[in-house]
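Architecture at a glance
Residues per chain, in single letters:
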Amino acid sequence: MDPVSSAAQALAGCRRILAFTGAGISTESGIPDFRGPEGLWTKVDPEEFTYSRYLESSETRRTSWRMRAESRVFEAEPNPAHRAIVDLWGIGRLLACITQNIDGLHQRAGLPDEAVIELHGNARETVCIACGDRQATASVIERVVSGESDPTCRDCGGILKAAVVFFGEAMPREELMRAALATSEADAVLAVGSTLSVFPAASFPIEVVEGGHPMVIVNRGPTELDDLATVIVDGAAGEILPMLVAELAGRLLPRRRRRTK
Ligand code: NAD
């Protein structure tokens, strides 16, 4: 049996699938990942972008804002993998989607907010570290482009930071609680485009597996949790997920027909 059909078989009886997505689901939208062969960490040192370094160093903030202004995150469009996750929701098989991504592409593809759990925040918003004021990152980027290399809060003069979780920064409490609840209710996990090496995020798929449920991994290359997977499909998420969800939808149709007779 081919790997996609094996994956569909592993998920065939599952009605509360937890999707767990990482940077790899968005590379086909033109956003580089961190640890893949073309990833960001092959170009810059992650040690430069810790939370404490960001607070202490104006140089780090300037570099960070410059990279954000140059990044393609804001122009990126969802790809077939994001849309396949929406389809999984549409056929009533998706419980929730925990994402490590900060690009907002699951929602832009049509997944409702109630189904998306953003563990690492969203780059489209910016927060003032001093007064907590929130604003669209696009308006801060406009200031960067017009020459303010380290823009500060217009209300209180505090440091501005994209509303994403930096290394060494705590994850948002409410999202952690939502993720824990979804993990406890899931009957399978579908991990997509993640090395499954960033903790505590990767502890959620592990918990689903420890609950006795299957895990399907769709990823280009190995992950840290391959040993725990029921089925691994190695390849491009944008090609694999639409096929996988189509198979799952096909498998569901006869049961639905039977129920209406
Ligand atoms: P990662 O960079 O550690 O791993 C990405 C994995 O996806 C790699 O194994 C890579 O080979 C694979 N991959 C790349 N393209 C793929 C494709 N088309 N189909 C299938 N697999 C593909 O990513 P991670 O595990 O999410 O951890 C990185 C951290 O960086 C996260 O915490 C996240 O917050 C952040 N990040 C987010 C974005 C984004 O929002 N799009 C981008 C880069 C990094």
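1. Thoughts on the layout of surface pockets
A volume near 200 Å³ is recorded for the second largest pocket. Among the elements of the structure, strand 4 (121–128) and strand 6 (160–164) are those that each provide at least two residues to the lining of the second largest pocket. The biggest single contributor to the lining of the second largest pocket is strand 4, with 5 residues. Each residue belonging to the lining of the second largest pocket can be placed in one class, and the counts come to 8 nonpolar, 2 polar and 4 charged.

2. Topic: the packing of aromatic side chains
One pass over the full model with this rule turns up 1 aromatic pair. With centroids separated by 4.9 Å and ring planes inclined at 65 degrees, the aromatic side chains of Tyr 54 and Phe 166 adopt a geometry described as edge-to-face. Placement of the pair is Tyr 54 in helix 2 (residues 51–56) and Phe 166 in the loop between strand 6 and helix 7 (173–185), with a sequence separation of 112 residues.

3. Overview of the site of the ligand
Of all residues adjacent to the ligand, which total 25 residues, the nearest are Glu 28, Gln 100, Ile 102, Thr 195 and Arg 220. Measuring from an oxygen atom of the ligand, one finds a backbone N or O atom of Ile 102 at 2.7 Å. Thr 195 places a polar side-chain atom, nitrogen or oxygen, 2.7 Å from an oxygen atom of the ligand. When grouped by side-chain class, the residues that make up the shell around the ligand number 8 nonpolar, 12 polar and 5 charged.

4. Brief notes about the pairing of strand 6
Counting buried positions along strand 6 yields 5 of 5 residues, so the element is predominantly enclosed. Of the strand pairs in this sheet, strand 4 and strand 6 are connected by 4 bridges, and their pairing is antiparallel. Counterpart to Cys 128 in the pairing with strand 6 is Leu 160.

5. Structural notes on the sheet that holds strand 6
Within a sheet, adjacent strands bond to each other through the backbone by hydrogen bonds, running parallel or antiparallel. With respect to topology, 3 strands assemble into an open sheet ordered 5-4-6, the strand pairing being antiparallel. The sheet is open, and its two edges are formed by strand 5 (134–136) and strand 6, each paired on a single side. In this sheet, neighbouring strand axes are inclined to one another by 40 degrees on average, regardless of whether the strands run parallel or antiparallel. With 3 bridges joining them, strand 4 and strand 5 adopt antiparallel strand pairing. Across the sheet, Glu 125 pairs through a bridge with Ala 136, a residue of strand 5. Where helix 3 (residues 58–70) meets the sheet, it contacts strand 4 and strand 6, and its direction lies at approximately 55 degrees from that of strand 6. Packing against the sheet, helix 6 (residues 137–145) makes contact with strand 4, strand 5 and strand 6, and its axis sits at approximately 70 degrees to strand 5.

6. Let's talk about the domain arrangement of the protein chain
Per the domain assignment, the segments making up the protein chain are domain 1 (1–31 + 77–120 + 170–253) and domain 2 (36–71 + 122–164). Using C-alpha coordinates to define each centre, domain 1 is positioned 28 Å away from domain 2. Contacts between the two partners involve 8 residues from domain 1 and, on the opposite side, 6 residues from domain 2. Note on domain 1 versus domain 2: buried area summed over both sides is about 440 Å², and carbon and sulfur give 41% of it. Our count for the contact surface shared by domain 1 and domain 2 stands at 0 salt bridges. Counting across the interface, domain 1 meets domain 2 through 3 residue pairs in polar contact (both at pLDDT 80 or more).

7. Considerations on the packing of helix 3 against helix 6
Packing of helix 3 against helix 6 leaves a shortest axis separation of 10 Å and a crossing angle of 110 degrees. Between helix 3 and helix 6, the interaxial angle falls into the category roughly perpendicular. Contacts between helix 3 and helix 6 pair Trp 65, Arg 68 and Ala 69 from the former with Thr 137, Val 140, Ile 141, Val 144 and Val 145 from the latter. Residue classes in the contact of helix 3 with helix 6 are distributed as 6 nonpolar, 1 polar and 1 charged.

8. Here we look at the pattern of salt bridges
Considering all chains together, one arrives at 8 salt bridges under this definition. The residue Glu 59 makes a salt bridge to Arg 62 at a minimum N-O spacing of 3.0 Å. Taken together, the residues Glu 59 and Arg 62, both in helix 3 and 3 residues apart, mark about one turn of the helix. Accessibility expressed as a relative area gives 32% for Arg 62, which makes it partly exposed. Arg 61 is paired through a salt bridge with Asp 150; the nearest N and O atoms lie 3.1 Å apart. Taken together, the residues span a long stretch of sequence, with Arg 61 in helix 3 and Asp 150 in the loop between helix 6 and strand 6 at a distance of 89 residues. Among the ionic contacts, a cluster of salt bridges with common partners joins Arg 143, Glu 148 and Arg 154.

Cut-offs used in this document
- Residues numbered from 1 in each chain as written.
- Predicted model: local features only at pLDDT ≥ 70, side-chain atom pairs only at ≥ 80, totals over all residues.
- Heavy atoms only, no water.
- 1 Å grid on protein atoms, 1.4 Å probe; cavity = no way out; pocket = protein on both sides within 12 Å on 5 of 7 lines; lining within 4 Å.
- Points joined across faces, edges and corners; volume = space filled by probe spheres on them.
- Helix = DSSP H or I, 4+ residues; strand = E, 2+ residues; numbered from the N terminus.
- Nonpolar A, V, L, I, M, F, W, Y, C, P; charged D, E, K, R; others polar.
- Phe/Tyr/Trp six-rings, centres within 6.5 Å; stacked < 30°, edge-to-face > 60°.
- Near = heavy atom within 4 Å.
- Polar contact = N/O pair within 3.5 Å; in protein donor to acceptor, adjacent residues only side chain to side chain.
- Buried < 20%, exposed > 50% of the residue type's maximum accessible area, 1.4 Å probe, protein only.
- Pairing = 2+ DSSP bridges.
- Axes fitted to C-alpha atoms, helices over the stretch in contact; angles between N-to-C directions.
- Contact = heavy atoms within 4.5 Å.
- Domains from an automatic or database assignment.
- Buried area = accessible area lost by both parts, 1.4 Å probe.
- Salt bridge = Lys/Arg side-chain N within 4 Å of Asp/Glu carboxyl O.
- Parallel < 35°, antiparallel > 145°, perpendicular 65-115°, else oblique.

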